[in-house]
Amino acid sequence: MPTSIGHGKIVCRDDHENRDEASDEFVWVPRTSAAHGLTPGEEKLVRGSAPISSFDYFFDGDGLPEDTEAFARLGDVGAKMLTDSGLIGPRGLPAILTYFGQFVDHDITLNTDADPSNHREFAVAPPDGKLTRNARDEVRRVIVNGRIASLRLDSLYGDDTDVEDVLRDGAKMRIGTTTSGQPNDLPRLAQLDTDHPLRQMSGATPSTPLVGDARNDENLIVAQLHLAFLRFHNAIVDALPTDMGEDKKFSEAKRLTILHYQWLVLEQYLPEICNREMLDRAVKEPAVFYQSFSNGTGKMPLEFSVAAFRFGHSMIRPQYRFNDSFQNATLDDIFTFTGSGGGIQASGLPQIWVIDWANFLPDDDEERAARGVDSKLAEDLGKLFERNPMLRSLPARNLRRSYVLSIPTAQQVLRALGGHGPAPLTQDELRGFGDGVLEQHGYTEATPLWIYILLEAELREGARRLGPLGSLIVAQTLVGLMAEDPNSVLNSRPGKGMPWHPSQEPIGGTVIDSFDAMLRFAGVL
């Protein structure tokens, strides 16, 4: 069964404010390297605070009503979501989008998917089964984002110069090798000299990843995507003039890697997963709704992180045609062959587990495409390997988190949008889910936002993409992050009225304008 999945860990403000940066309890690890953003129980691995930014609410509305039976009721709803009969094909979404979305999420949020050790009222699995519905001001005070909210690949490069010496190899990024010596694994601590300070840190093993965000080594598909971007950077370095200095080469390759990554988000990812009208509106404005919310602070909307952007959980297949050797790789396999899963030793990833990206690009093959964006999750996502059995169901955990963090209900969001919002799902449509479980528990008038967004995608878009409400939240947030970045693809052509395009800066004569092209240029396809 899968060992872990989700959108990071909960980060509490008290955990950052109470750290003693000079304490010997912490060891020297770059703030966004392998130990970046660890949970409070794991913070002995890092010295100094990880970067933090704020979460806040997009919309008015205090969430689900107070309910002493919320734990059980939301568990019932989550149980109705688990099935292996979700829509796949004949034309779906490429499976790479599932994990590119997770890669993007790790680049911008570290937040709300584990119980904090010192805030019982924020637990989604309290021993007595009684959830606390926290006031919005308390959520704002306690829950902070452990990432810098930008699409500038901090998860790849780190967020400060103190990580460059560790993550870099001259102008290039460090690359790891597989058991056969091929450059197809993440870099790991085994590559460093045995007396290197990072090799001495508490809890470190030779297989600990040497990357900007350790969560990218919890899942082999995400790990291989992280590797693809490392190799993409290095391929750009190889294409640059030989007379450029190492630091200048590094900076130029980083700039081009970030621009191509953002372009993939804007032109290859969002058009596939968003309602076109909502996406076009967000790009044209650009993202005035998000920008008025953030006001340049890079705040992350809780409705995005805790609800809307978790749509990708529904796209996860129970099995993958990973490569020719593993044509039915299970989720358990995907989580095992990582540094944290125990399947990788000091010698690196077994070569036999290198991904074949050709299996993750088709959208018209039911054996390889992602599952639909709908209210059905793969059954194994109800069997996560967690010591606490109350944390083993991913859908139940997501729903309970919405209650604990007082995420506005779908109806509250729609009321807040007024005439600017989409038409709501009907009562009959909500009653039709899960043998009437929403009506049974009183959730047709106050529907958890996450399940509503999935039902909207299923009923309004045929499970092909997010519906209007989900698209509004996702597009406004991701486009908004780029709109606030003066160096993003949206702002790199001042006065031109259109985003930057890869054709403006071909690399070595090659225009990188698709996932296929990026993977090929990186040498991993």
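As the structure is a computational prediction, the values presented were derived from the model and not from experiment.

Enquirer: Explain the overall build of the chain to me, please; I cannot follow it from the model alone.
Expert: Assigned secondary structure in the chain consists of 19 helices and seven strands. Relative to its full complement of 525 residues, the chain shows a buried share of 61%. Look at the contacts in the chain between residues 6 or more apart in sequence, and 77% of them connect residues 24 or more apart. Carbon together with sulfur atoms contributes 46% to the accessible area of the chain, which is approximately 19100 Å² in total.

Enquirer: Please explain the side chain of Asp374 as it appears in this structure.
Expert: Residue placement: Asp374 occurs in the loop between α12 (331-336) and α13 (394-404). The buried charged residue Asp374 lacks any salt bridge partner; its closest oppositely charged side chain belongs to Lys376, at an N-O distance of 4.6 Å. Reaching out from Asp374, the side chain makes a polar contact with the backbone nitrogen of Lys376 at a distance of 3.0 Å.

Enquirer: Any chance you could explain helix α17 (residues 449-460) here in plain terms?
Expert: It helps to recall that an α-helix has 3.6 residues per turn; residues three or four apart then point in one direction. Relative to the 16 Å expected for 12 residues at 1.5 Å per residue, α17 spans 16 Å between its end C-alpha atoms, a close match to the ideal helical length. Taken together, the buried positions of α17 are occupied by Leu449, Trp450, Ile451, Tyr452, Ile453, Leu454, Leu455, Glu456 and Ala457. Taken together, the buried residues of α17 touch α11 (302-307), α13, α14 (410-417), α15 (427-431), α16 (437-440) and α18 (468-483). Just downstream of α17, Gly462 is the residue with a positive phi angle, here 60°.

Enquirer: Explanation requested: the packing of helix α7 (residues 220-239) against helix α8 (residues 246-273) in the structure shown.
Expert: Orientation of α7 relative to α8, taken along the N-to-C sense of each, is 130°, at an axis distance of 9 Å. By the angle between their directions, the pair α7 and α8 is classed as oblique. The way α7 lies across α8 gives a crossing that is right-handed. Across from Phe229, Phe232, His233, Ile236 and Val237 in α7, the residues of α8 making contact are Lys249, Phe250, Ala253, Lys254, Leu256, Thr257, His260, Tyr261 and Leu264.

Enquirer: Looking at this structure, how should I read the nonpolar core?
Expert: Here is a general trend for soluble globular proteins: nonpolar side chains tend to be buried in one another's company. Counting residues in hydrophobic clusters, the biggest one holds 148 residues, and the most contacted among them are Phe100, Leu270, Ile273, Val474 and Leu478. Per-element accounting of this core gives the leading share, 13 residues, to α8. Setting aside its immediate chain neighbours within four residues, Leu270 contacts Val265, Leu279, Val474, Leu478 and Val479. Of all hydrophobic cores here, the second largest spans six residues; its members include Val166, Leu198, Met201 and Leu210.

Enquirer: Please explain the pairing of strand β1 (residues 53-56) as it appears in this structure.
Expert: Regular strands place their side chains on alternate faces of the sheet. The pairing of β1 with strand β2 (residues 144-145) spans two bridges and is antiparallel. Each bridged residue has a counterpart across the sheet, and for Ser54 the counterpart in β2 is Val144. When β1 meets strand β5 (residues 300-301), the two strands line up parallel, connected through two bridges. Across the sheet, residue Asp56 finds its bridge partner in β5, namely Pro301.

Enquirer: Even after reading the chapter, I still don't get α14, so can you show me in this structure?
Expert: Counting buried residues in α14 gives six out of eight residues, a clear majority hidden from the surface. Ala410, Gln411, Gln412, Val413, Leu414 and Leu417 are the residues of α14 that are buried. Tucked into the core, α14 has its buried residues touching α15, α17 and α18.

Enquirer: Would you take a moment to explain the packing of helix α2 (residues 70-80) against α13 for this structure?
Expert: Working note: a packed helix pair is described by the angle between its axes plus the distance between those axes. For the pair α2 and α13, the least separation of the axes is 8 Å and the interaxial angle reads 140°. With respect to α13, the axis of α2 lies oblique. Crossing of α2 against α13: the hand is right-handed. Taken together, the residues of α13 that come into contact with α2 (itself represented by Ala70, Phe71, Leu74, Gly75, Val77 and Gly78) are Pro395, Ala396, Leu399, Arg400 and Tyr403. When grouped by side-chain class, the residues that make up the contact of α2 with α13 number eight nonpolar, two polar and one charged.

Enquirer: What am I meant to see in the sheet that holds β1 here?
Expert: Neighbouring strands of a sheet are bound in pairs by backbone hydrogen bonds; such pairs are parallel or else antiparallel. On the basis of which strands lie adjacent, the open sheet formed by three strands has the order β2-β1-β5 and mixed pairing. The two strands at the open ends of the sheet, each matched to only one other strand, are β2 and β5.

Enquirer: Just checking my understanding: could you explain the packing of aromatic side chains for this structure?
Expert: For any pair of aromatic rings, geometry is given as the distance between the ring centres together with the angle between the planes. Applying the stated criterion across every chain yields a total of 24 aromatic pairs. Each ring, one from Phe103 and one from Phe229, has its centre 5.1 Å from the other, and the planes form 5°; the classification is stacked. Placement of Phe103 in helix α3 (residues 96-108) and of Phe229 in helix α7 is noted, with a sequence separation of 126 residues between them. Relative to Phe250, the ring of Tyr157 lies with its centre 5.9 Å away and its plane at 90°, an arrangement referred to as edge-to-face.

Enquirer: How should the pattern of salt bridges be read in this particular structure?
Expert: Between side chains of opposite charge, pairing is possible as soon as their charged atoms come close. As enumerated under the stated definition, the model contains 31 salt bridges in all. Among the ionic pairs, Arg133 bridges to Asp62, the shortest N-O distance being 3.3 Å. With a gap of 71 residues between them, Arg133 in the loop between α3 and α4 (136-142) and Asp62 in the loop between β1 and α2 connect regions that are remote in the sequence. By relative accessible area, Arg133 is classed as partly exposed at 21%. One connected set of salt bridges, linked through shared partners, spans Asp56, Asp137, Arg140 and Lys299.

Enquirer: When you look at the confidence of the model for the chain in this model, what are you seeing that I'm missing?
Expert: Summary statistics for the chain give a mean pLDDT of 87 and a share of 86% for residues scoring 70 or more. Counted against residues more than four places away or in other chains, residues 1-11, with its pLDDT under 50, gives 64 contacts. Contacts of residues 14-50 to residues separated by more than four positions or lying in other chains number 94 contacts, the stretch itself having pLDDT below 50.

Enquirer: I would appreciate a short explanation of the environment of Leu192 in the present structure.
Expert: Mapped onto the secondary structure, Leu192 falls in the loop between β4 (172-173) and α7. Apart from the residues within four sequence positions on either side, Leu192 is in contact with Arg174, Leu198, Arg199 and Leu210.

Enquirer: So what exactly am I meant to see when it comes to unusual backbone geometry here?
Expert: One can expect most non-glycine residues to show negative phi and most peptide bonds to be in trans. Cis peptide bonds are those with omega within 30 degrees of zero, and the linkage from Glu285 to Pro286 qualifies with -10°. Position of Pro286 among the secondary structure elements: in the loop between α9 (276-284) and α10 (288-294). A positive phi angle is found at Ala463, which is not glycine, with a value near 65°. Structurally, Ala463 is set in the loop between α17 and α18.

Rules used in this analysis
For every chain, the first residue of its written sequence is number 1, and the numbers climb from 1 along that sequence. The model is predicted, so local features are restricted to residues of pLDDT at least 70 and side-chain atom pairs to those at 80 or more, both for listing and for counting; the totals for chains, interfaces and linings are taken over all residues. Water and hydrogen atoms were dropped before computing side-chain values, which therefore reflect all heavy atoms in the structure. Secondary structure elements are defined from DSSP: runs of H or I of at least 4 residues count as helices, runs of E of at least 2 residues count as strands, and each element is numbered from the N terminus. The classification of residues rests on relative accessible area computed with a 1.4 Å probe and restricted to protein chains. Under 20% of the type maximum is buried, over 50% is exposed, and intermediate values are partly exposed. Note on contacts: a residue pair is in contact if any heavy atoms of the two residues lie within 4.5 Å. With residues, only the protein chains shown are counted as cover, and all accessible areas are computed by Shrake-Rupley using a 1.4 Å probe. Under the convention used here, Asp and Glu are negative, Lys and Arg are positive, and both His and the chain ends fall outside the count. Each salt bridge in this description consists of a side-chain nitrogen of Lys or Arg and a carboxyl oxygen of Asp or Glu lying within 4 Å of one another. Two N or O atoms form a polar contact when they lie within 3.5 Å of each other; inside protein one atom must be a possible hydrogen donor and the other a possible acceptor, and for residues adjacent in sequence the pair counts only when both atoms belong to side chains. To estimate the expected span of a helix, subtract one from its residue number and multiply by 1.5 Å. Working convention: axes come from line fits to C-alpha atoms, limited for helices to the stretch in contact. Angles between N-to-C directions cover 0 to 180 degrees. With respect to orientation, any angle under 35 degrees is reported as roughly parallel, any angle over 145 as roughly antiparallel, any angle of 65 to 115 as roughly perpendicular, and every other angle as oblique. Each crossing gets its hand from how the near helix is turned against the far one by less than a right angle, where anticlockwise is left-handed and clockwise is right-handed. In these notes, a set of buried Ala, Val, Leu, Ile, Met, Phe, Trp, Tyr and Cys residues joined through side-chain atoms within 4.5 Å is what counts as a nonpolar core. Two strands qualify as a pair provided that DSSP identifies no fewer than 2 bridges between them. Gly counts as polar in this scheme, as do all residues outside two lists: the nonpolar Ala, Val, Leu, Ile, Met, Phe, Trp, Tyr, Cys and Pro, and the charged Asp, Glu, Lys and Arg. Here the aromatic set is Phe, Tyr and Trp, taking the six-membered ring for Trp, and pairing holds for ring centres within 6.5 Å; pairs whose planes are under 30 degrees apart are stacked, those over 60 apart are edge-to-face, and all others are tilted. How sure the predictor is of each residue is captured by pLDDT, a score from 0 to 100.

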